[in-house]
Protein chains: 2
Amino acid sequence: MRDGSKTRAKIESEALRLFAEKGVAGTSVRDIAAAVGVAEAALYRHFPSKDALSRSLFLEGYARLAADVVAVGETQQPIETKIGQVVDLFCRLFDDNRSLFSFLLLAQHAHLADVPEGREGNVVEAVKNIFTRAIEHGDIRKEDPDLLAALALGIVAQPAIFTIYGRLSGPLIARAPDLTRAIWAAVR
Amino acid sequence: MRDGSKTRAKIESEALRLFAEKGVAGTSVRDIAAAVGVAEAALYRHFPSKDALSRSLFLEGYARLAADVVAVGETQQPIETKIGQVVDLFCRLFDDNRSLFSFLLLAQHAHLADVPEGREGNVVEAVKNIFTRAIEHGDIRKEDPDLLAALALGIVAQPAIFTIYGRLSGPLIARAPDLTRAIWAAVR
DNA sequence: CCTACCGATCGGTAGG
DNA sequence: CCTACCGATCGGTAGG
C-alpha cells in the first residue's frame with residue numbers, strides 16, 4: 001500500500017489498452033479508474049491530467065522505438081540487413097505490445113508536435129536517416145528520403161493495421177521476411 | 001430558403017472538414033452548427049444524430065471510392081496499368097478532397113463494421129480482388145492477396161499521411177508514378 | 001432546456 | 001508524520 005509504483009504501472013497499462021481501443025477522447029478518466037480498480041482521484045496522484053498521462057505514454061514509447069531504430073542505423077551493415085532489422089523491431093513491438101503499437105499509430109497526430117525535433121527522438125527521422133546514408137553510399141537509387149521512409153513505414157504499418165482489423169492473422173513477425181523483401185524492392 | 005439542400009450540403013462539407021481535422025469525438029455538434037452558420041437544432045432536420053451524420057459521410061465516400069476501384073478492376077488491362085489507375089484514383093481523391101480522404105482514413109475503425117461485406121462496397125476488397133485475379137492469371141507471384149492489398153494500400157496511404165503532416169509537399173498526383181512503381185516492385 | 005457525463009479538485013482517512 | 005487513496009462534489013459541456 002505504501003508503494004504506489006504498482007498502481008502507477010497498472011494505470012499506465014490500463015490507460016494504454018483503453019487509449020488504443022477507444023482513442024484518448026473516447027476514454028474517460030472514469031473508464032481508466034474503473035479498469036485499474038481505484039478511485040478517479042487516485043489517478044491524479046500519479047499524473048497531473050489525462051492529457052499529461054496520454055503524452056507521457058506516447059513520448060516514452062516513441063522515444064524507445066526511435067532509439068532502437070537509431071541503434072540499427074548506426075551499425076556498419078548492408079542497407080538490406082538494416083531494413084530487415086528495423087522491420088523485425090516493428091513486428092516484435094506489434095506482437096509483444098500491440099496496445100502500445102496501436103496507440104503510437106493513432107496518437108501521432110495529437111503528440112507528434114511534442115516530440116523533440118532532433119534525429120534522436122523521432123522514429124520517422126531515424127528511418128529517413130538510414131535511407132539518406134544509403135543514398136550517400138550509393139547503395140540505393142537517389143530519391144527523396146522522406147518518400148522512401150513513407151514507403152517503408154507504409155509497408156509495415158498497413159499489414160499491422162490489417163492484423164488489428166482481423167483481415168490478416170498470425171504474428172506479424174511471421175511476415176517480416178515478406179515485408180523486408182517488399183521494402184527492399186520498393187526502394188532499391 | 002425553402003430548399004434545404006444547400007444547408008444540407010454545407011452541413012456535410014463543414015462536418016467533413018471538422019471531422020477530418022479534429023476527429024468525430026473532438027468535434028461537437030455546436031462546432032458544426034457554428035461553421036455552417038445555423039442553429040444546432042437545424043442539423044437535426046437533416047441528420048438524426050452526430051453519429052448518423054458521421055456514418056452517412058463515411059459510407060457515401062467509401063462506397064464511391066470502392067465503386068471506382070471496382071470499375072478499374074473490371075477492365076481488361078494489364079495488372080500494371082490497373083495499379084497505376086487505382087493509384088491515380090487515390091491521389092486525385094487526396095488532392096481534390098483531402099478532408100474526405102483524411103476522414104475515410106481515420107474513421108475506418110469506427111465505421112468499417114457498417115460497410116456491407118460484399119465486394120461491391122468495400123475498398124479493401126476491391127483492391128484485393130484485383131490482385132486475386134492477377135495471381136489467377138499468373139501475372140504476379142502467388143502470395144496472400146490480403147497481404148498484397150496491405151502493401152499497396154500502405155504505399156499510397158503513408159505518403160498521403162506524410163503530406164498531411166507536412167513532411168512531404170506538393171500534390172500527391174505528382175508522386176503517382178513513383179507510388180505505382182513501388183507497388184509494382186513490391187508485389188510482382 | 002434537460003439530463004448525462006466529462007475532467008478536475010476537495011477534505012478526510014488509514015496503512016505503514 | 002507521510003502519502004496513496006477514497007467518497008463526494010464542483011463547474012462545464014456534451015448530445016439531443
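This structure is a prediction, so every number in the text was calculated from the model and none was measured.

(A) The interface of chain A and chain B, seen in detail. Each partner contributes to the interface: chain A provides 35 residues, whereas chain B provides 35 residues. For the pairing of chain A and chain B, the buried interface totals around 2,700 Å² over both sides, and the portion due to carbon and sulfur atoms is 60%. Per-residue buried area on chain A facing chain B is highest for A:Leu147, A:Tyr165 and A:Arg167; these three make up 21% of the total on that side. As a salt-bridge pair, B:Arg167 and A:Glu125 come within 3.0 Å of each other at their nearest N and O atoms. For the side of chain A that touches chain B, the secondary structure elements donating two or more residues are α6 (98-111), α7 (123-136), α8 (145-164) and α9 (176-187) of chain A. A per-element tally of the side of chain A that touches chain B places α8(A) first, with twelve residues. Of the residues contributing to the side of chain A that touches chain B, the split by class is 18 nonpolar, five polar and twelve charged.

(B) Here's a closer look at empty space enclosed by the protein. This structure, assessed with the given rule, holds five cavities of 30 Å³ or more. The computed volume of the largest cavity comes to approximately 220 Å³. Forming the walls of the largest cavity are 15 residues, and the residues nearest its centre are A:Phe90, A:Leu105, A:Gln108, A:Val123 and A:Leu153. For the lining of the largest cavity, the secondary structure elements donating two or more residues are α4 (50-74), α5 (79-96), α6, α7 and α8 of chain A together with α8 (145-164) of chain B. Partitioned by chemical class, the residues of the lining of the largest cavity number 13 nonpolar, two polar and no charged.

(C) Focus on the relation of the copies chain A and chain B. For these two chains of identical sequence, chain A goes onto chain B by a turn of 180° and a shift of 0.0 Å along the axis, with RMSD 0.1 Å. In the structure described here, the two chain copies are related by an operation that fits a two-fold rotation axis. When each C-alpha of chain A is compared by its distance to the rotation axis, A:Gly154 comes out closest, at 2.0 Å. A shared binding surface is used by both copies, with 100% of the interface residues of chain A retained as interface residues in chain B.

(D) How the structure looks around the environment of A:Leu112. If you trace the backbone, A:Leu112 turns up in the loop between α6 and α7. C-alpha of A:Leu112 to C-alpha of A:Phe58: the two residues are 54 residues apart in sequence and 8.9 Å apart in space.

(E) Up close: the protein's contact with DNA strand C. Residue and element names in this part refer to chain A. Around DNA strand C, eleven residues are found, and the nearest of them are Ser28, Val29, Arg30, Tyr44 and Lys50. Protein-proximal atoms of DNA strand C, defined as those within 4 Å of the protein, fall in sugar or phosphate at a share of 52%. In this structure, Ser28 approaches DNA strand C through a side-chain N or O atom, which is 3.5 Å from a phosphate oxygen. A distance of 2.9 Å separates a base nitrogen of DNA strand C from a polar side-chain atom of Arg30.

(F) Up close: the layout of surface pockets. Residues and elements named next belong to chain B. If you add up the space inside the second largest pocket, you get close to 330 Å³. Taken together, 15 residues line the second largest pocket, and the ones lying closest to its centre are Gly61, Arg64, Leu93, Asn97 and Leu100. Within the residue set of the lining of the second largest pocket, elements represented by two or more residues are α1 (5-22), α4 (50-74), α5 (79-96) and α6 (98-111). No other element matches the six residues that α4 contributes to the lining of the second largest pocket. Split by residue class, the lining of the second largest pocket holds seven nonpolar, three polar and five charged.

(G) Region of the structure containing the packing of aromatic side chains. Residue and element names in this part refer to chain A. Across all of its chains, the model carries eight aromatic pairs over all chains by this definition. Ring pairs connect the aromatic residues Phe19, Phe58, Tyr62 and Phe103, which therefore count as one cluster. Positioned above the aromatic ring of Phe162 is the side chain of Arg167, whose terminal nitrogen or guanidinium carbon lies 5.9 Å from the ring centre.

(H) Looking closely at the pattern of salt bridges. Residue and element names in this part refer to chain B. A complete count under the given rule lists 22 salt bridges over all chains for this structure. Across the pair Arg55 and Asp51 runs a salt bridge whose closest N-O atoms are separated by 2.8 Å. With Arg55 and Asp51 both in helix α4 and four residues apart, this pair spans about one turn of that helix. Since its relative accessible area comes to 29%, Arg55 is described here as partly exposed. For Asp51, a relative accessible area of 41% puts it in the partly exposed group.

(I) Layout of the protein's contact with DNA strand D. Neighbouring DNA strand D are 18 residues; A:Thr7, A:Ala39, A:Arg45, A:His46 and B:Val29 lie closest to it. Here A:Ala39 contributes a backbone N or O atom positioned 2.4 Å from a phosphate oxygen of DNA strand D. One of the side-chain nitrogen or oxygen atoms of B:Lys50 is found 2.9 Å away from a phosphate oxygen of DNA strand D. Going through the elements one at a time, α3 (40-46) of chain A together with α2 (29-36) of chain B are the ones with two or more residues in the surface near DNA strand D. For the surface near DNA strand D, the leading source of residues is α3(A), giving four residues. When grouped by side-chain class, the residues that make up the surface near DNA strand D number seven nonpolar, seven polar and four charged.

Cut-off values and rules
- Residues numbered from 1 in each chain as written.
- Chains lettered and ligands numbered in written order.
- Predicted model: local features only at pLDDT ≥ 70, side-chain atom pairs only at ≥ 80, totals over all residues.
- Heavy atoms only, no water.
- Contact = heavy atoms within 4.5 Å.
- Buried area = accessible area lost by both parts, 1.4 Å probe.
- Salt bridge = Lys/Arg side-chain N within 4 Å of Asp/Glu carboxyl O.
- Helix = DSSP H or I, 4+ residues; strand = E, 2+ residues; numbered from the N terminus.
- Nonpolar A, V, L, I, M, F, W, Y, C, P; charged D, E, K, R; others polar.
- 1 Å grid on protein atoms, 1.4 Å probe; cavity = no way out; pocket = protein on both sides within 12 Å on 5 of 7 lines; lining within 4 Å.
- Points joined across faces, edges and corners; volume = space filled by probe spheres on them.
- Least-squares fit on C-alpha atoms with pLDDT ≥ 70 in both.
- Near = heavy atom within 4 Å.
- Polar contact = N/O pair within 3.5 Å; in protein donor to acceptor, adjacent residues only side chain to side chain.
- Phe/Tyr/Trp six-rings, centres within 6.5 Å; stacked < 30°, edge-to-face > 60°.
- Lys NZ or Arg CZ within 6 Å of the ring centre and 35° of its normal.
- Buried < 20%, exposed > 50% of the residue type's maximum accessible area, 1.4 Å probe, protein only.

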